[in-house]
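# Commentary on secondary and tertiary structure
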Amino acid sequence: MVLGQPVLDARGLMGQVVELMPYTSRVLLLTDTTHSIPVQVNRNGLRAIASGTGNPERLELRHVADTADIKEGDLLVSSGLGQRFPAGYPVATVKEVIHDSGQPFAIVRAVPTAALNRSRYLLLVFSDNRTPEERANDAAQAQEAEDQQNGTAPIVPATVPKPAFVGPPAPAATTAPAATAPVATPAQPAAHTARPAKPAVAKPPATAPSTAPTTTRQREQ
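Residues numbered from 1 in each chain as written. Predicted model: local features only at pLDDT ≥ 70, side-chain atom pairs only at ≥ 80, totals over all residues. Heavy atoms only, no water.

## What to know about the overall build of the protein chain
Across its full length, the protein chain carries 2 helices and 10 strands. Counting helices and strands in the order they occur from the N terminus, the protein chain gives β-β-β-β-β-β-β-β-β-β-α-α. When each of the 221 residues of the protein chain is scored for burial, the buried share is 22%. When the accessible area of the protein chain is evaluated, it comes to approximately 17600 Å², of which 56% is carbon and sulfur surface. (Helix = DSSP H or I, 4+ residues; strand = E, 2+ residues; numbered from the N terminus. Buried < 20%, exposed > 50% of the residue type's maximum accessible area, 1.4 Å probe, protein only. Areas by Shrake-Rupley, 256 points an atom, 1.4 Å probe, with all protein chains shown as cover.)

What follows is the structure in C-alpha cells.
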C-alpha cells in the first residue's frame, strides 16, 4: 500500500489513500470537500472536474459550459488525467442539470456509484509504471522461465524462406589470350660434309718463244 493509491468497491471509485499507519490506513473519499477528480461523460467523452460537497450522496461538476452536451442519467467515469486514478472506472451518475441563462456555467449534480457509507470490503488498485515494451519483455521472460521449469520448449513459428532473387544472366567474361613465351628450339648441329677436292689441272710446260717464219711480204721487201 502506498500514498495516493486508488480505493474502490464493487460499484466504482471511493477515494484514495492519504495516510499510512502500521495496522490501519486513512482514505479520503470522493465526496470530501477537499477532493476533486477528473471525469468524463461516458456517452460523448465530455470532460469535467467532479468535486466533493461533504455529502456522501452528492458530487458537483464545476465549470461546465451552459451549452455542454450533458443530461440526467449520464455515467461519469474517470478520465485518467493526472495519472492518479486509472481511466474508465465508474465515478458517479448525473442526477440533475440546471441551466441558468444569466450564468456562463450550468449546475450539474451527480450521485456516486460506490456505496461510500455502506461498503465493508474495498479494493486497492496497484498501478504499473512500466512502459509497454518493458511489460512485454517481462512477460516473455516469465513465460520462458515457466517453459523451462515445466520442461517444454517454446513453440517457434515456422518461417517460410524468401525466394531468392533471380536476375538476368550476367554477361560472360571475356578473357584475353594468355601471352605465350617463344619456345627456344634447340640448335641443330651443322652437318660437317667433306667437300670433294677439286682435281688438279696439269699446266702445260713452259716453252721458249719460237721465231715464226717471215711472211711473203717481208720476204719481198
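## Considerations on the side chain of Asp9
Mapped onto the elements of the fold, Asp9 is located in the loop between strand E1 (6-8) and strand E2 (13-20). This buried residue, Asp9, is left without a salt bridge; Arg11 holds the nearest opposite charge, at 5.6 Å. For Asp9, the side chain forms a polar contact with the main-chain nitrogen of Arg11, separated by 2.9 Å. Engagement of the side chain of Asp9 in a polar contact is seen with the backbone nitrogen of Ala115, the distance being 3.1 Å. Apart from the residues lying within four places of it in its own chain, the contact partners of Asp9 are Met14, Ala114, Ala115, Ser119, Tyr121 and Leu122. (Lys, Arg positive; Asp, Glu negative; His and termini not counted. Salt bridge = Lys/Arg side-chain N within 4 Å of Asp/Glu carboxyl O. Polar contact = N/O pair within 3.5 Å; in protein donor to acceptor, adjacent residues only side chain to side chain. Contact = heavy atoms within 4.5 Å.)

## Some points on unusual backbone geometry
In the Ramachandran plot, His63 falls in the positive-phi region, its phi being about 60° despite a non-glycine side chain. Assignment of secondary structure puts His63 in strand E6 (residues 59-65). Taking the relative accessible area as the measure of exposure, His63 reaches 66% and is therefore exposed. Even without being glycine, Gln83 reaches a positive phi, approximately 55°. With respect to the element layout, Gln83 can be found in the loop between strand E7 (75-78) and strand E8 (90-98).

## What about helix H1 (residues 132-150)?
For H1, spanning 19 residues, the distance from its first C-alpha to its last is 27 Å, which sits close to the expected 27 Å at 1.5 Å a residue. Where H1 terminates, the next one or two residues include Gly151, which has phi positive at roughly 75°. (Expected span 1.5 Å × (residues − 1).)

## Side note on the nonpolar core
Within the largest apolar cluster, 23 residues are counted, with the highest numbers of intra-cluster contacts made by Ile37, Leu61, Leu76, Val91 and Val108. When residues of this core are traced back to their parent elements, those giving at least two are strand E4 (36-41), strand E5 (47-52), E6, E8 and strand E9 (105-112). If you tally residues by element for this core, the top one is E8, at 4 residues. Residues within four places of Leu61 in sequence aside, it is in contact with Ala48, Ile49, Ala50, Ile70, Leu76, Ala106, Val108 and Ala110. (Core = buried A, V, L, I, M, F, W, Y, C linked by side-chain atoms within 4.5 Å.)

## A closer look at the sheet that holds strand E3 (residues 25-29)
Adjacent strands of a sheet pair through backbone hydrogen bonds, lying either parallel or antiparallel. Strand order across the open sheet formed by 4 strands is E3-E2-E1-E10, with antiparallel pairing between neighbours. The open sheet has two edge strands, E3 and strand E10 (123-124), and neither has a second partner. (Pairing = 2+ DSSP bridges.)

## Details of the pattern of salt bridges
Scanning all chains against the criterion turns up 5 salt bridges. The partner of Glu19 in a salt bridge is Arg26, with the nearest N and O atoms 2.9 Å apart. One salt bridge in this structure joins Asp69 and Arg43, with 3.3 Å as the shortest N-O distance. Linking Asp69 in the loop between E6 and E7 with Arg43 in the loop between E4 and E5, this pair joins segments that are 26 residues apart in sequence. When its relative accessible area of 45% is taken as the criterion, Asp69 is described as partly exposed. Where salt bridges share partners, they join Arg43, Asp69 and Asp74 into one cluster.

## Focus: a nonpolar patch on the surface
Taken together, the side chains of Met1, Leu3, Leu20, Leu124 and Phe126 define a hydrophobic patch exposed on the protein surface, amounting to about 510 Å² of accessible area. Topologically, Leu3 is positioned in the segment before E1. (Patch = residues over 30% accessible without salt bridge, like charges linked within 9 Å, V, L, I, M, F, W, Y side chains within 5 Å.)

## Observations concerning the environment of Val18
The topology assignment puts Val18 in strand E2. What makes Val18 partly exposed here is its relative accessible area of 39%. Taking the C-alpha atoms as reference points, Val18 and Pro6, 12 residues apart in sequence, are found 9.9 Å from one another. Setting aside residues up to four positions removed in sequence, Val18 forms contacts with Leu3, Arg26, Val27 and Leu28.

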